[in-house]
Amino acid sequence: MEAIVNHPTELRARLYADMDPANLTPLWESLHALVPRQPRSPSVPALWRYDEVRPFLMRAGEVITAEEAIRRVLILENPGLRGQSAITQSLYAGLQLILPGEVAPSHRHTATALRFVVEGEGAFTAVNGERTTMRPGDFIITPSWTWHDHGNESDQPVVWLDALDIPTLRLLDAGFAEDYGAAQQPVLRSEGSNFARFGSNMAPMAHDAETDPHGATSPLFCYPYARSREALARLRRDAPVDPWDGVKLRYVNPATGGWPTPTLATFLQLLPAGFEGKAWRQTDGAVFSVVEGRGRAVIERDVDGQVHRSVFEFGPRDHFVVPSWHCCRLAASEDTVLFSFSDRPIHSALGVLRQERLD
Ligand code: 1HN
């Protein structure tokens, strides 16, 4: 009997139980999980087909107004993170609907947001006293702590992808928010004023030009699709097509050349018809929004020697997520344009970004 109770396993179990009320726990039991050999994300690859999502969005339009909802959004929740309002461990994504005549009231929060317009044209978003009309494929930034509201003065429903760094701010306990107090903020400048100042590879000279002193967020808040699409079309003709990425550009903060926001990196790429991409993996989990074309994403992860493979056939307005350190191959049957965003600026800032191009 003595021999059994003094066995190390028994002694350890007694120690754990005795110290548990003191909020103490042994590292050696969780060391491997805490310091993995490589990332083992709880988030999983997932695809949201627009054909499936759109009817639910329109039903949401019937059961609640934008004003009542504040933001009428269906969250793209990662199947591995249900209940957490997250598409990866660090990022939030959702699809927002605004119907003709509706207003999504003005507020601000410390979370950084970006919009990527998916369907419809003629809604606007207002940021810091200026409106921008939303057209499909436009990439729009709502910097941290800026007043923003949305409206739709067109005659069609408008849907866009919202991406926010909410799970990251939750991790940091750095979330603050305020309501403006009126549905809409006053318009202080005419549309296009921001683009005139920052959208032509130039910047204002005025001593009081309001730029972010830290350069953390781009002073340009709308990157129109027409411009970015034209750049891809020219590069497709004039530049080599990368075997992994096709023709891929990153969006930049024109004041610094860095990422457009401190937490979210954004990209636009063209995969020419017939493209069969090689595999890559990266620590930043990425979310893709299909703008044009059709193709396939093959996403694989090796879990303890067993390969888990997801094959997603995608078309326009579909969304999919490639979690951290999953191998991904992209292919296109027709000319395909993909917008994507990830948490790469955080990985870079912490010096932990890893990217691999595989054969
Ligand atoms: C938000 O402010 C918007 O401004 C969209 O459109 C989605 C999700 C969580 C928290 C705030 C918006 C949001 C959000």
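Going by the structure above, here's the rest.
Residues numbered from 1 in each chain as written. Predicted model: local features only at pLDDT ≥ 70, side-chain atom pairs only at ≥ 80, totals over all residues. Heavy atoms only, no water.

### Let's talk about the pattern of salt bridges
(1) Moving on: This model, assessed by the stated rule, comprises 21 salt bridges.
(2) Moving on: Across the salt bridge formed by D162 and R115, the nearest N and O atoms sit 2.5 Å from each other. Taken together, the positions of D162 in strand 10 (residues 158-164) and R115 in strand 5 (residues 113-119) put the pair 47 residues apart, joining distant regions of the chain. An identical accessibility class is assigned to D162 and R115; each is buried.
(3) Moving on: The residue R229 makes a salt bridge to E292 at a minimum N-O spacing of 2.8 Å. Linking R229 in helix 8 (residues 225-238) with E292 in strand 16 (residues 286-292), this pair joins segments that are 63 residues apart in sequence.
(4) Moving on: Judged by relative accessible area, which is 26%, E292 ranks as partly exposed.
(5) Moving on: Connected through salt bridges with shared partners, the residues D242, D245 and R357 form a single ionic network. (Salt bridge = Lys/Arg side-chain N within 4 Å of Asp/Glu carboxyl O. Helix = DSSP H or I, 4+ residues; strand = E, 2+ residues; numbered from the N terminus. Buried < 20%, exposed > 50% of the residue type's maximum accessible area, 1.4 Å probe, protein only.)

### Some details on the nonpolar core
(1) Moving on: Counting residues in each nonpolar core, the largest one holds 36 residues, and the members touching the most others are I87, L95, F139, V159, L161, F339 and F341.
(2) Moving on: When residues of this core are assigned to their parent elements, the largest contribution, four residues, is made by helix 4 (residues 50-63).
(3) Moving on: Apart from the residues lying within four places of it in its own chain, the contact partners of L161 are L76, A93, G94, L95, L114, R115, F116, V118, S289, H319 and F341.
(4) Moving on: Counting residues in hydrophobic clusters, the runner-up holds 17 residues, among them L271, F275, F288 and C328. (Core = buried A, V, L, I, M, F, W, Y, C linked by side-chain atoms within 4.5 Å. Contact = heavy atoms within 4.5 Å.)

### As for the packing of aromatic side chains
(1) Moving on: As enumerated under the stated definition, the model contains 12 aromatic pairs in all.
(2) Moving on: Between Y223 and Y251, the aromatic rings sit 5.5 Å apart at their centres with planes inclined by 90°, giving edge-to-face as the arrangement. Of this pair, Y223 sits in strand 12 (residues 222-223) while Y251 sits in the loop between strand 13 (247-250) and strand 14 (265-271); the two residues are 28 residues apart in sequence, bridging distant segments of the chain.
(3) Moving on: By relative accessible area, which is 9% here, Y223 ends up buried.
(4) Moving on: Here Y251 falls in the buried class, since its relative accessible area comes to 6%. (Phe/Tyr/Trp six-rings, centres within 6.5 Å; stacked < 30°, edge-to-face > 60°.)

### Focus on helix 4
Because an α-helix packs 3.6 residues into every turn, residues spaced three or four apart end up facing the same way.
(1) Moving on: The terminal C-alpha atoms of helix 4 lie 20 Å apart, and with 14 residues this matches the ideal 20 Å at 1.5 Å per residue to within 8%.
(2) Moving on: Looking at helix 4, one finds that the buried residues are Y50, V53, L57, M58, A60 and G61. Along the long axis of helix 4, the arc covered by the buried residues comes to 150°, so they all point the same way. Away from the buried face of helix 4 by more than 90 degrees, exposed residues D51, E52, R59, E62 and V63 are located.
(3) Moving on: Against strand 1 (46-48), strand 2 (73-75), strand 3 (92-98), strand 5 and strand 10 lie the buried residues of helix 4. (Expected span 1.5 Å × (residues − 1). Arc of directions from axis to C-beta.)

### Section: the layout of surface pockets
(1) Moving on: In this structure, the largest pocket encloses a volume near 830 Å³.
(2) Moving on: Lining the largest pocket are 26 residues, and of these P39, T283, S324, D343 and H347 sit closest to its centre.
(3) Moving on: Listed by contribution, the elements that provide at least two residues to the lining of the largest pocket are helix 6 (166-172) and helix 9 (344-350).
(4) Moving on: Residue composition of the lining of the largest pocket, grouped by class: 11 nonpolar, 11 polar and four charged.
(5) Moving on: By volume, the second largest pocket is sized at about 500 Å³.
(6) Moving on: In this structure, the second largest pocket is lined by 19 residues; those nearest its centre are Y223, R227, S228, Y251 and V252. (1 Å grid on protein atoms, 1.4 Å probe; cavity = no way out; pocket = protein on both sides within 12 Å on 5 of 7 lines; lining within 4 Å. Points joined across faces, edges and corners; volume = space filled by probe spheres on them. Nonpolar A, V, L, I, M, F, W, Y, C, P; charged D, E, K, R; others polar.)

### As for the site of the ligand
(1) Moving on: For the ligand, the full set of nearby residues is R71, Y92, Q96, H107, H109, R115, H148, H150, D162, L164 and I166.
(2) Moving on: Side-chain polar atom of H107 to an oxygen atom of the ligand: 2.7 Å apart, as the coordinates give it.
(3) Moving on: One of the side-chain N or O atoms of H109 is found 2.7 Å from an oxygen atom in the ligand.
(4) Moving on: The protein chains hide 84% of the 330 Å² of surface that the ligand would expose on its own.
(5) Moving on: Those elements giving two or more residues to the shell around the ligand turn out to be strand 3, strand 4 (103-109), strand 9 (148-152) and strand 10.
(6) Moving on: Across the shell around the ligand, the residue classes break down as three nonpolar, five polar and three charged. (Near = heavy atom within 4 Å. Polar contact = N/O pair within 3.5 Å; in protein donor to acceptor, adjacent residues only side chain to side chain. Areas by Shrake-Rupley, 256 points an atom, 1.4 Å probe, with all protein chains shown as cover.)

### Quick notes on the sheet that holds strand 3
(1) Moving on: The sheet built from six strands is open, its strands ordered 2-3-10-5-8-12 with antiparallel pairing. Among the strands making up the open sheet, the edge pair consists of strand 2 and strand 12.
(2) Moving on: Helix 4 rests against strand 2, strand 3, strand 5 and strand 10 of the sheet, and its axis sits at about 55° to strand 3. (Pairing = 2+ DSSP bridges. Axes fitted to C-alpha atoms, helices over the stretch in contact; angles between N-to-C directions.)

### Quick notes on the environment of Q269
(1) Moving on: Examined against the element boundaries, Q269 turns out to sit in strand 14.
(2) Moving on: Of the residues examined, Q269 reaches a relative accessible area of 1% and is grouped as buried.
(3) Moving on: Between the C-alpha atoms of Q269 and S228, which are 41 residues apart in sequence, the distance is 9.4 Å.
(4) Moving on: The residues contacting Q269, other than those within four sequence positions of it, are L232, D245, V247, K248, F288, L330, T336, V337, L338 and S340.
(5) Moving on: A distance of 2.9 Å separates a polar side-chain atom of Q269 from the backbone oxygen of D245.

Shape is all these values report; function is a separate question.
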